[in-house]
Amino acid sequence: MIQLAIIGPTASGKSDLAIKIAKEINAYILSIDSLSIYKEIDIVSAKPSKEDLEKVKHYGIDLIDPNEYFSVDIFIKLYKNLLIECQRESKNLVIVGGTSFYLKSLIEGLSEIPTITKEISHKVEKRLKDLSSCYNLLLNADKEYMKNISPNDRYRIEKALLIYESSSLTPSEWFRANPPKPIIEDLPIYNIEVDREILRKRVIKRTEKMLDLGLIDEVCYLEQKYSRVPNSMNSIGIVEVLEYLDNKVTLQGMLQNISTHTSQLAKRQQTFNKSQFLDLINAPLEELEEIILSRV
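Residues numbered from 1 in each chain as written. Predicted model: local features only at pLDDT ≥ 70, side-chain atom pairs only at ≥ 80, totals over all residues. Heavy atoms only, no water.

## A closer look at the environment of K57
Alright, step 1. By the element assignment, K57 lies in the loop between α2 (50-55) and β3 (58-59).
Alright, step 2. Here K57 falls in the partly exposed class, since its relative accessible area comes to 43%.
Alright, step 3. Ignoring anything within four residues of it in the chain, the contact list for K57 reads Y28, I29 and E85.
Alright, step 4. A polar atom in the side chain of K57 sits 3.3 Å from the side chain of Y59. (Helix = DSSP H or I, 4+ residues; strand = E, 2+ residues; numbered from the N terminus. Buried < 20%, exposed > 50% of the residue type's maximum accessible area, 1.4 Å probe, protein only. Contact = heavy atoms within 4.5 Å. Polar contact = N/O pair within 3.5 Å; in protein donor to acceptor, adjacent residues only side chain to side chain.)

Printed below as a string of C-alpha cells:
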C-alpha cells in the first residue's frame, strides 16, 4: 500500500494536486484541514467542490457540527480506521492539507491514556460541574502541564483529570512514563514551494471568490445557528465577517483583513513545515505532480 502526504501553505493548490495524484494511483484522500472537518463551514474553509469530492473519495471532511469538539486523538482514530478500509479495498492513501500539526502527530504518535473505569468517569463528570475547582487542583499538582491549558477548556481539563484520577500520576508524570509511539513511519512528504508574492495574490483572489460564493451569508447562517461561542467561530474568514456585520470595518476593510490574516497564516504554515519535518521533498506546484508519480 502506498501512502504519501502533500502539504503547503493555504491557497497553494494542494487539494487539486491531491485529486490528480489520487486518481493516478487509485487512492483515497485524507484531509488534514482544521476547518474542513466541520459541516456547513464550506466557503470559509475553501473545501473541495462537490464535483471534486465525487472524483475521489475524501475522508476528514464534514465530520462534525461547528459546535462540536475535535482533537488530534480523534483524528488519529479516523486515520487508523481509514487505513483498515484502504487495505481491505486495495486502495492507496494521499494525505493532504494545511493543518500539518495533525500530520506531525501521526508521525510522532500520541501517548496512550490509562484505563478509565465507569466509576472514575462518573466521579470526574461530577467534579467538572465546578470547572474552576478542577482547573486549580490540576494547576497546583502539575503547573508544567496546565500552563498551556485555558481555565475554560473543559475538554482538556477533563482529559487531564481522568489521567490524574485513574493513574494517581500527574499528566506530566504519566506522559513521561508513557512516551508516544509513531503511528506511521517512512511517509514521503511533498511540500509545495511558492513565492510569497505569488501566494499573496492567490490569497486575494481566493478571498474575492469566497465573497462571490456567499461568504457573508454563510457566516450569518453559522452565527444564527451556533452563536459566536464555538471555537470554530474564531476562524480566519469568520471573525472578519463578524467585524463587518458589527459595523467595525467596511466591506473592503473586511476583505483586506481576511487576505492579510490568511497570508500571515500561510507564512506560519511554511515556517512550521520546514522546521518540523525531516527530509521534505520541496518543489513548486507545477513540478510536484511529475516528481510524485516518478517516485510511487
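Still more to cover.
## With respect to the side chain of T99
Alright, step 1. Take T99: it is sitting in the loop between β4 (92-96) and α4 (100-108).
Alright, step 2. For T99, a relative accessible area of 17% corresponds to the buried category.
Alright, step 3. Ignoring sequence-local partners within four residues, the contact set of T99 consists of I32, D33 and S34.

## Regarding the packing of aromatic side chains
Alright, step 1. Applying the stated criterion across every chain, the model contains six aromatic pairs.
Alright, step 2. An angle of 20 degrees between the planes, with centres 5.0 Å apart, marks the rings of F75 and Y102 as stacked. Here F75, found in helix α3 (residues 72-88), pairs with Y102, found in helix α4; they are 27 residues apart in sequence, far enough to count as distant. Per residue, the accessibility class of F75 equals that of Y102, and both read buried.
Alright, step 3. Members of the aromatic cluster, each reached through a chain of ring pairs, are F70, F75 and Y102. (Phe/Tyr/Trp six-rings, centres within 6.5 Å; stacked < 30°, edge-to-face > 60°.)

## Considering the sheet that holds strand β2 (residues 27-31)
Alright, step 1. Taken in spatial order, the six strands line up as β3-β2-β4-β1-β5-β6 in an open sheet, and their pairing is parallel. Each of the sheet's edge strands pairs with one partner strand only, and the pair in question is β3 and β6 (281-284).
Alright, step 2. Note that strand β1 (residues 3-7) and strand β5 (residues 189-193) share three bridges and pair parallel. Directly across from A5, in β5, lies its bridge partner I189.
Alright, step 3. The sheet contacts of helix α14 (residues 285-295) involve β1, β5 and β6, and relative to β6 the element is tilted by about 135 degrees. (Pairing = 2+ DSSP bridges. Axes fitted to C-alpha atoms, helices over the stretch in contact; angles between N-to-C directions.)

## Examining the pattern of salt bridges
Alright, step 1. Applying the stated criterion across every chain, the model contains 13 salt bridges.
Alright, step 2. Across the pair K55 and D52 runs a salt bridge, and its minimum N-O distance is 3.2 Å. Placement of the pair is K55 and D52 together in helix α2, with a separation of three residues, close to one helical turn.
Alright, step 3. In this structure D52 comes out as buried when scored by relative accessible area, which is 16%.
Alright, step 4. The shortest N-O distance in the salt bridge between E165 and R127 comes to 2.6 Å. Note that E165 is positioned in helix α8 (residues 154-167) and R127 in helix α5 (residues 118-127), a separation of 38 residues in sequence.
Alright, step 5. The partly exposed category is assigned to R127, whose relative accessible area is 31%. (Salt bridge = Lys/Arg side-chain N within 4 Å of Asp/Glu carboxyl O.)

## Quick word on the pairing of β5
Alright, step 1. In terms of residue burial, β5 counts as a mostly covered element, since four of its five residues are buried.
Alright, step 2. By the bridge criterion, four bridges tie β5 to β6 in an arrangement that is parallel. Each bridged residue has a counterpart across the sheet, and for E193 the counterpart in β6 is P284.

## Structural notes on helix α11 (residues 215-226)
Alright, step 1. With twelve residues, α11 extends 16 Å from end C-alpha to end C-alpha; this agrees with the ideal 16 Å at 1.5 Å per step.
Alright, step 2. Residues L215, I216, E218, V219, L222 and Y226 constitute the buried set of α11. Buried residues of α11 fall within an arc of 160 degrees about the axis and therefore sit on the same side. Exposed positions of α11 whose direction lies more than 90 degrees from the buried face are D217 and Q224.
Alright, step 3. Each element contacted by the buried residues of α11 is listed here: α10 (196-213), α12 (238-245) and α13 (251-276).
Alright, step 4. Downstream of α11 by a residue or two, S227 has a phi angle that is positive, lying close to 70 degrees. (Expected span 1.5 Å × (residues − 1). Arc of directions from axis to C-beta.)

## A closer look at the environment of S105
Alright, step 1. Examined against the element boundaries, S105 turns out to sit in helix α4.
Alright, step 2. Judged by relative accessible area, which is 5%, S105 ranks as buried.
Alright, step 3. The residues touching S105, leaving out its near neighbours within four places in the chain, are V72, I76, L110 and I183.

These results come straight from atomic positions and should not be treated as a statement about function.
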